[in-house]
Amino acid sequence: MAKSIVVIPVKKREEELRAAFWEQIKGIPRGDKIQNCIQCGTCTGSCPVSYMMDITPRETVALFRAGHLEEILHSRAIWICASCYSCRVRCPSGILVTDLMYALKRLAMQQNIYPPKFPVYALSRAFISNIYKYGRNFEMGLAIKYFLKAAPQKLFASAGFGLAMVRKGRISVKPTSIKKIKDVRAIIDRANQLETEGV
Amino acid sequence: MMEYAYYPGCSLEHTGKPYDMSIREVFKTLGVGLREIEDWNCCGATMYMSVDKVVGFAVSARNLALAQNMGLDICAPCSSCYTTLRKTNRHMAWNLHSRKIIQESLKVVNLAYEKPVEVRHPLDILVNDVGIENIATACHYEFQGLRIAPYYGCMIVRPVYHFDDLDDPETMDNLFNALGAEVVNYPDKVRCCGGMLMTTFEEVALNLNNHLLKCAQDNGAELIATVCPLCQMNLEAYQAQINKRFHQNYHIPIVYFSQLVGLALGIAPEKLGMNTMLIEAPNLKLKLKEARVAV
């Protein structure tokens, strides 16, 4: 007699995460193409940083389809992706791998899944608060703020060429704000509001 | 006269200052108009996308709307700005839901983005609008046998085909050849420099940049020409650290493609920010010879 197929029920937590994930990628055209992955590994082979990842891009898709989204969110891999788009242009199934990586990053942040001093998260936050404050990205302030939060020891390591850059006039020591900074803030506030309310 | 709305982006105000200077000078000399978008703001780069995509695109769209009001297409030299602004355009065309949020947000500050503007890279403008032949004709000098590694990086060729091949772009190669330089074989021309990874996962980024420098050196390049302020910064400012970590002895000048065009046009090096580079390029001066007048 043939063995009966055992269907393992997906855990509630995984189900919730998956719903949130589809929500994140619903705005990406062809986002659902993740279903078409043929596991050829072209993405991993094209990726210049896959050798440093705990799970490769190909494995990411496999794990997702096997119902291990939470494991993916806890990986280093999604944060190591430098967004070079090599995988995306070569994928024979037309999967927008880089955009999926962004979606996973957003989902992880939304779910508060990352170590507290996690570098990419800290940098993204510092970057965004810079835009809200000045309208532009103030590199020196960004670097200091980020390093203090994530890796204070690096502040000194970078000080060498930092000084050379200041001498050459390539780093400004004081921030300048754009004139209509209020406009930028109003746009951000309104967009945030519309997103939470749902239009 | 050709004219574009100029979007320098944050990097070109500081670390990428020589890029900004040389683009302005080269465009002026070639008679191409550049009108800076008044009071432009940060495009959001890859960072905003990692936190909130739609809000990031709304921030980016303010610049597109301002350019639209000028009635001009955008010229964006920074690869990251270039990709982000283009991505905002594509996203607004595809996604009605986000478009609505973005439009509503712009409305708060009396802006509307109805007629999409094209976002162009200066390399594309110089090669395809001005034309390589016209540039070569305007040049007073040529680089006699200067061996250049043309480095395109990621974001002007990917994710979507725009003006050059995804795997083997040649725009810069053709331009430098026309200026008398010898473009070396550079298989790493579209390999990633790591971008922001240099701040977050330094180890990974240093390795990537070591690859790029080694490939240039092995192929006999005297310098690397870049089109992006982030690539330039990673390759130049971290070269000493890379030497130390990987026991190398690189001393490879990393210059902007526009600086090379400017020098050939006869623009004074200080006006192109050559004196602000961390690694000087003495070979440039040696190999910059007065062009033979065509008979």
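Residues numbered from 1 in each chain as written. Chains lettered and ligands numbered in written order. Predicted model: local features only at pLDDT ≥ 70, side-chain atom pairs only at ≥ 80, totals over all residues.

Some words on the overall build of chain A
Here is step 1 of the chain: From N to C terminus, chain A includes 12 helices and zero strands.
Here is step 2 of the chain: Counting from the amino terminus, helix and strand elements in chain A follow one another as α-α-α-α-α-α-α-α-α-α-α-α.
Here is step 3 of the chain: Split into buried and exposed, the 199 residues of chain A put 37% on the buried side.
Here is step 4 of the chain: Contacts in chain A between residues far apart in sequence, at least 24 positions, make up 61% of those at least 6 positions apart. (Helix = DSSP H or I, 4+ residues; strand = E, 2+ residues; numbered from the N terminus. Buried ≥ 20, exposed ≤ 12 C-beta atoms within 10 Å, placed from the backbone. Contact = placed C-beta atoms within 7 Å.)

A look at the overall build of chain B
Here is step 1 of the chain: Assigned secondary structure in chain B consists of 13 helices and 10 strands.
Here is step 2 of the chain: A compact globule built from 295 residues should have a C-alpha radius of gyration of about 19 Å, and chain B, at 19 Å, falls within 12% of that.
Here is step 3 of the chain: Judged by the C-alpha coordinates and their principal axes, chain B covers about 55 × 50 × 30 Å.
Here is step 4 of the chain: Contacts in chain B between residues far apart in sequence, at least 24 positions, make up 80% of those at least 6 positions apart. (Rg over C-alpha atoms; globule rule 2.2 N^0.38 Å.)

Some remarks on the packing of helix 6 (residues 122-138) of chain B against helix 7 (residues 171-178) of chain B
All names here are of chain B.
Here is step 1 of the chain: It is at 10 Å that the axes of helix 6 and helix 7 come closest, and there the two elements cross at 25 degrees. As judged from the angle between their axes, helix 6 and helix 7 are roughly parallel. For helix 6 against helix 7, the interelement crossing comes out left-handed. Facing helix 6, whose interface residues are Leu 123, Val 127, Ile 132 and Ala 136, helix 7 presents Thr 171, Met 172, Asn 174, Leu 175 and Ala 178. (Axes fitted to C-alpha atoms, helices over the stretch in contact; angles between N-to-C directions. Parallel < 35°, antiparallel > 145°, perpendicular 65-115°, else oblique. Left-handed = near helix turned anticlockwise from the far one by under 90°.)

Quick look at the domain arrangement of chain A
Here is step 1 of the chain: Along its sequence, chain A is organised into domain 1 (12-110) and domain 2 (119-197).
Here is step 2 of the chain: For domain 1 of chain A versus domain 2 of chain A, the separation of C-alpha centres amounts to 28 Å. (Domains from an automatic or database assignment.)

A short note on the packing of helix 3 (residues 53-70) of chain B against helix 5 (residues 96-107) of chain B
All names here are of chain B.
Here is step 1 of the chain: The geometry of helix 3 relative to helix 5 is characterised by a closest axis approach of 9 Å and an angle of 55 degrees between their N-to-C directions. Of the possible angle classes, the one that applies to helix 3 and helix 5 is oblique. Here the hand of the crossing between helix 3 and helix 5 comes out right-handed. Of the residues in helix 5, those in contact with Val 54, Phe 57, Ala 58, Ala 61, Arg 62 and Ala 65 of helix 3 are Ser 98, Ile 101, Ile 102, Ser 105 and Leu 106.
Here is step 2 of the chain: Here the residues of the contact of helix 3 with helix 5 are counted per class, giving eight nonpolar, two polar and one charged. (Nonpolar A, V, L, I, M, F, W, Y, C, P; charged D, E, K, R; others polar.)

Some points on the environment of Thr 15 of chain B
Here is step 1 of the chain: Note that Thr 15 of chain B resides in the loop between strand 1 (3-6) and helix 1 (17-29).
Here is step 2 of the chain: Those residues within four positions of Thr 15 of chain B in sequence are excluded, and the remaining contacts are Glu 139, Met 165, Arg 170 and Ile 171 of chain A together with Pro 229 and Met 233 of chain B.

Overview of the interface of chain B and chain A
The figure often quoted for interface size is the accessible area lost as the parts come together.
Here is step 1 of the chain: Taken together, the contact pairs 51 residues of chain B with 52 residues of chain A.
Here is step 2 of the chain: Elements that contribute at least two residues to the side of chain B that touches chain A include exactly helix 2 (45-51), helix 3, helix 5, helix 8 (197-200) and helix 9 (202-218) of chain B.
Here is step 3 of the chain: Among the elements that make up the side of chain B that touches chain A, the one with the highest residue count is helix 5 of chain B (eight residues).
Here is step 4 of the chain: Residues belonging to the side of chain B that touches chain A are distributed by class as follows: 27 nonpolar, 15 polar and nine charged.

Considering the domain arrangement of chain B
Residue and element names in this part refer to chain B.
Here is step 1 of the chain: Under the domain assignment, chain B is made up of domain 1 (3-120) and domain 2 (132-290).
Here is step 2 of the chain: For domain 1 and domain 2, the distance between their C-alpha centroids amounts to 25 Å.
Here is step 3 of the chain: The set of elements that each furnish at least two residues to the side of domain 1 that touches domain 2 consists of helix 1 and helix 4 (79-94).
Here is step 4 of the chain: A per-element tally of the side of domain 1 that touches domain 2 places helix 1 first, with nine residues.
Here is step 5 of the chain: Per-class residue counts for the side of domain 1 that touches domain 2 are nine nonpolar, nine polar and two charged.

A few points about the sheet that holds strand 4 (residues 119-120) of chain B
Residue and element names in this part refer to chain B.
Here is step 1 of the chain: Pairing within the open sheet is parallel, and its four strands lie in the order 2-1-3-4. Sheet topology places strand 2 (33-36) and strand 4 at the edges, where each strand pairs with a single neighbour.
Here is step 2 of the chain: Here strand 1 runs beside strand 2; their pairing, made up of four bridges, is parallel. From the neighbouring strand, Glu 3 faces strand 2, where its bridge partner is Gly 33. (Pairing = 2+ DSSP bridges.)

Considerations on helix 9 of chain B
Residues and elements named next belong to chain B.
Here is step 1 of the chain: In this model, helix 9 (17 residues) spans 24 Å end to end at C-alpha, consistent with the 24 Å of a helix rising 1.5 Å per residue.
Here is step 2 of the chain: Buried within helix 9 we find Ala 205, Leu 206, Leu 208, Asn 209, Leu 212, Leu 213, Cys 215 and Ala 216.
Here is step 3 of the chain: Considering only its buried residues, helix 9 is in contact with strand 6 (147-150), helix 8, strand 8 (223-226), helix 10 (229-237) and helix 11 (239-246).
Here is step 4 of the chain: Count one or two residues on from helix 9 and you reach Gly 220, which has phi positive near 80 degrees. (Expected span 1.5 Å × (residues − 1).)

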